[in-house]
Amino acid sequence: MADQQKIHPVSVPEQEALPKPTAPLVPRGSSRSENGDPERQQPPQLKRSLTPYSPLKPPKKRCCCKRCLCWTCCLFFLLIILLGIAAAVIYFVFQPKIPKYSVDSMRITQLNLNNDTSLSATFNVNITARNPNKKIGIYYENGSHLSVWYKGTNLCEGSLPKFYQGHKNTTILNVNLTGQTENATNLLRLLQEDQQTGKIPLNIRVKVPVRIKLGKLKLMKWKFLLKCRLNVDSLSPNNVIRIRDNRCKVRFRF
């Protein structure tokens, strides 16, 4: 028999570790690949556009709104200027002056405390109205109201007559006023105390609608608000009442 061959394992010597390269794998002067190292690859930067920036145009609706607002403001200022010019013309042409009023006399025909503690009063007041204007007339319309007050209590009330007051005119108005005050026991006591001192404060309030006449032009309706403060020596019925002082102020309201 032939000898059987025996296979003996042979130990292969370990490969020696290769030395690390000291020079770059790519020689100097040669170009790298386009992709480069995938681990160090970065995304390419976006190129800036060389076209100039142009702002977006606003919508047409906004432009229309701005134009409307601008036109409205211009018309408003133009109206103010025209009104100022008209007021200046009226002032220099007509030279308006405020009317003057005064309470000249007062007479009391009734001031009695009734059985139900109510106070009945009847006054007669003479008011002088002066129009100092040379070219302006005053129409006193219906709907006026006149009242006499004592320490916040309305004693009596009435109304002015309807009339026209011409240029440089003085008119004396005779007005009758009546009223009744409930629970007036304390009020009558205060009146008697002030009457002993000879100085009773009274307030006369007048509201009257008027129309101003400039030449031949009749303007819209205004309201005269007249407040008169006066002190009288007595409120005894059927006696002569002396007015110690009299101050009246006029205001206008549309």
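Everything here concerns the structure above.
Residues numbered from 1 in each chain as written. Predicted model: local features only at pLDDT ≥ 70, side-chain atom pairs only at ≥ 80, totals over all residues. Heavy atoms only, no water.

Caption draft 1: Quick peek at the overall build of the protein chain. Scanning the protein chain from N- to C-terminus turns up two helices and 10 strands. In the protein chain, which comprises 254 residues, the share counted as buried stands at 29%. Considering only contacts within the protein chain whose residues lie at least 6 apart along the sequence, 68% involve residues at least 24 apart. Working note: accessible area of the protein chain is about 20,200 Å², and carbon and sulfur atoms make up 56% of it. (Helix = DSSP H or I, 4+ residues; strand = E, 2+ residues; numbered from the N terminus. Buried < 20%, exposed > 50% of the residue type's maximum accessible area, 1.4 Å probe, protein only. Contact = heavy atoms within 4.5 Å. Areas by Shrake-Rupley, 256 points an atom, 1.4 Å probe, with all protein chains shown as cover.)

Caption draft 2: Summary view of helix α2 (residues 185-197). Taking 1.5 Å per residue, 13 residues should reach 18 Å; α2 reaches 19 Å between its end C-alpha atoms and fits that length. Immediately beyond the C-terminal end of α2, within one or two residues, lies Gly 198, with a positive phi of roughly 75°. (Expected span 1.5 Å × (residues − 1).)

Caption draft 3: Seen up close, the nonpolar core. One finds Phe 123, Tyr 140, Leu 202, Ile 204, Leu 230 and Leu 235 to be the most contacted residues of the largest nonpolar core, which totals 46 residues. Not counting residues within four places of it along the chain, the set of residues in contact with Ile 204 comprises Val 103, Met 106, Val 125, Leu 146, Ser 147, Val 148, Leu 226, Lys 227, Cys 228 and Leu 230. (Core = buried A, V, L, I, M, F, W, Y, C linked by side-chain atoms within 4.5 Å.)

Caption draft 4: Expanded view of unusual backbone geometry. For Thr 117, which is not glycine, the phi dihedral falls at a positive 65°. According to the relative accessible area criterion, Thr 117 is partly exposed, its value standing at 29%.

Caption draft 5: Inspection of the environment of Pro 99 at higher detail. For Pro 99, the position within the fold is in the loop between α1 (60-94) and β1 (100-113). Relative accessible area serves as the criterion here: at 6%, Pro 99 is assigned to the buried category. Measuring from C-alpha to C-alpha, the distance between Pro 99 and Phe 224 comes to 9.8 Å, with 125 residues separating the pair along the chain. Not counting residues within four places of it along the chain, the set of residues in contact with Pro 99 comprises Arg 130, Pro 132, Ile 138, Phe 224, Val 250 and Phe 252.

Caption draft 6: Region of interest: the packing of aromatic side chains. Under the definition given, this model contains six aromatic pairs. Plain terms: the ring middles of Phe 76 and Phe 77 are 5.9 Å apart, the flat faces sit at 65° to each other, and that makes the pair edge-to-face. The exposed category is assigned to Phe 77, whose relative accessible area is 52%. For the ring pair Phe 224 and Phe 252, a centre distance of 4.8 Å and an interplane angle of 75° mean the geometry is edge-to-face. Remark: Phe 252 occurs in strand β10 (residues 243-253) and Phe 224 occurs in strand β9 (residues 217-232); sequence separation between them is 28 residues. With a relative accessible area of 2%, Phe 224 lands in the buried category. On the basis of relative accessibility, which here comes to 38%, the residue Phe 252 falls in the partly exposed class. Within the aromatic cluster, the residues linked to one another by ring pairs are Trp 222, Phe 224 and Phe 252. Its guanidinium or amino end placed over the ring of Tyr 139, Lys 218 lies 4.1 Å from that ring's centre, counting from NZ or CZ. (Phe/Tyr/Trp six-rings, centres within 6.5 Å; stacked < 30°, edge-to-face > 60°. Lys NZ or Arg CZ within 6 Å of the ring centre and 35° of its normal.)

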